[in-house]
Structure formats: structure tokens, C-alpha cells
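As a plain string of letters, each chain reads:
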Amino acid sequence: IRCPGGKTGSFTVPASINSLRPGAFAGCWKLTWIDTDPEHKTFGSFDGLLYADRDLLSLLQCPAGRSGPVTLAPSTFEFVGAAPFAGCTQITSLNLGPAVPEHLNASRAFADCISLARVDVAPENPGLSSLDGLLYNKAMTWLHWCPHGRTGTVTLAETTVDIDETAFRGAA
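Described in the following lines is the structure provided in the data block. As the structure is a prediction and not an experimental result, all values here were calculated from the model. Residue numbers run consecutively from 1 along every chain, following the written order of its sequence. pLDDT decides what is reported in this predicted model: residues at 70 or higher carry local features, side-chain atom pairs at 80 or more are listed and counted, and totals for whole chains, interfaces and linings draw on all residues regardless. Side-chain figures throughout are based on the complete set of non-hydrogen atoms in the structure, without hydrogens or water.

**Describing unusual backbone geometry**
Turning to step 1, where the next piece is worked out: A positive phi angle, near 55°, is found at D47, a position not held by glycine.
Turning to step 2, where the next piece is worked out: Put simply, DSSP H or I for four residues or longer makes a helix, DSSP E for two residues or longer makes a strand, and each gets a number counted from the N terminus. Looking at the secondary structure, you find D47 in the loop between β3 (44-46) and β4 (49-51).
Turning to step 3, where the next piece is worked out: With a phi close to 55°, D132 is a non-glycine residue in the positive phi region.
Turning to step 4, where the next piece is worked out: Turning to its location among the elements, D132 is positioned in the loop between β10 (128-131) and β11 (134-137).
Turning to step 5, where the next piece is worked out: With relative accessibility at 42%, the residue D132 sits in the partly exposed group. Accessibility here uses a 1.4 Å probe with only protein chains present; expressed as a share of the type maximum, an area under 20% marks a residue as buried, one over 50% as exposed, and anything in between as partly exposed.

This is the structure:
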């Protein structure tokens, strides 16, 4: 399927669709929500985000027109493709669940999220944590990333001993 570039609002992936090619939603800058047919055997959706599986383990696409806060499914373990958040310039906050792994490359995954001001991590996540909207490893000794839309003074956790080389890339 290919989403028409002028599509606005929401889109439901019909049960008849078996695969989505990379870029299926490219150019859909006003698409704000993606759902799947409840009978779909392959794809799933949660909070308007499209997943490559019914178990919501692999995030496939956040619609580019999405604005405000976004919450990943608690079971989300990986991002599929180069950039599931490509074009998502209006997201303001992101909630990461307990299954998002420590090796997440946030500066790459959220490169287009210029309005993203904070990331919050579920307390039960074994590898990641957050403090004041910044993304850290669980022990808060390593700052992974400062969101691009973050403004004002950044105060690091007192336990921080290492800062990722891309932690502030693109930050305001």
C-alpha cells in the first residue's frame, strides 16, 4: 500500500494487506493516527502507532503528523527500519516502556523529532531510565540523549560519569 501524500487524520490498515514496503507512509505529513483492522493477522497498533506484529514488539511507523505526547506499547522491544519517527516534528514527549533496550540509538531514532522536549522511561525498564526528560542508562551513570526540543538549562544526574558522543546532537 502507499498512503496518498495529502491524506489527513487517521488511516486503518485493512486486514487484506500482508506487507508494507519501506516508505509506505512517506509524504503523509498530515497523517496523525494509524490503526489496524481488528482482524489483521500481521500488523498491530497502539496509541496510533503502527507495529510490524500483533504482539506490539516491533515499532514500524509513527505517523508524521502526530503531535503532542506519544506512548510506546509496553512490549515494544525494537524499531523496524531506519527511522520509524521520520518526519515526526511535532511530538513533544515520549514514553518508553519496560522492554525498550539499552542499546537504543536515540539520536538516530528521533532525529526528526525537533519538538521532543522530554523522554520518560518506565521504572521497570531494566536498561534505561530518565531524569528530568533526559535519557540515561539504568544506573544513571551514562547520558544517552538530550531531546532536540529541550530548552533552558540542562542539569545532569549527580551520578553521571559519561556522556554519549551524540547526546546533544541536534539539541536546542
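Back to the text.
**Examining the sheet that holds β11**
Turning to step 1, where the next piece is worked out: Taking strand neighbours across the sheet as the criterion, the four strands line up as β10-β11-β12-β13 in an open arrangement whose pairing is mixed. Strands with a single pairing partner mark the edges of an open sheet, and in this sheet they are β10 and β13 (162-163).
Turning to step 2, where the next piece is worked out: Relative to β13, strand β12 (residues 142-145) is paired through two bridges, and the arrangement is parallel. Opposite W142, over in β13, you have D162 as the bridge partner. In this analysis, strands are considered paired if DSSP registers two or more bridges between them.

**Comments concerning a nonpolar patch on the surface**
Turning to step 1, where the next piece is worked out: Candidate patch residues must exceed 30% relative accessible area and have no salt bridge, after which like charges are joined if within 9 Å and Val, Leu, Ile, Met, Phe, Trp or Tyr side chains if within 5 Å. Using a 1.4 Å probe, the Shrake-Rupley method yields the accessible areas, and only the shown protein chains count as cover for residues. Definition used for salt bridges: Asp or Glu carboxyl oxygen within 4 Å of a side-chain nitrogen of Lys or Arg. On the surface, L156, I163 and F168 cluster together into a nonpolar patch covering about 230 Å² of accessible area.
Turning to step 2, where the next piece is worked out: Examined against the element boundaries, I163 turns out to sit in strand β13.

**Let's talk about the environment of L134**
Turning to step 1, where the next piece is worked out: In this fold, L134 is placed in strand β11.
Turning to step 2, where the next piece is worked out: Here a residue-residue contact requires only that any non-hydrogen atoms of the pair lie within 4.5 Å. Ignoring any residue separated from it by four or fewer positions in sequence, one finds L134 in contact with V119, S129, L143, W145, C146, P147, R150, V154, T155 and L156.

**Points about the packing of aromatic side chains**
Turning to step 1, where the next piece is worked out: Pairing of aromatic side chains here covers Phe, Tyr and the six-membered ring of Trp, requires ring centres within 6.5 Å, and sorts the geometry by plane angle: under 30 degrees stacked, over 60 edge-to-face, intermediate tilted. What the rule picks out here adds up to five aromatic pairs.
Turning to step 2, where the next piece is worked out: A ring pair is formed by F79 and F110, whose centres lie 6.0 Å apart and whose planes are at 75°; its orientation type is edge-to-face. Within this pair, whereas F79 is found in strand β7 (residues 78-79), its partner F110 is found in the loop between α1 (106-109) and β9 (118-121), the two being separated by 31 residues in sequence. Taken individually, F79 and F110 each receive the classification buried, so the pair is uniform in this respect.
Turning to step 3, where the next piece is worked out: Ring geometry for F110 versus W145: centroids 5.5 Å apart, planes at 35°, classification tilted. With F110 in the loop between α1 and β9 and W145 in strand β12, this residue pair connects regions lying 35 residues apart in the sequence. The burial state of F110 is the same as that of W145; both residues are buried.
Turning to step 4, where the next piece is worked out: One aromatic cluster is present, built from ring pairs that chain together F79, F85, F110 and W145.

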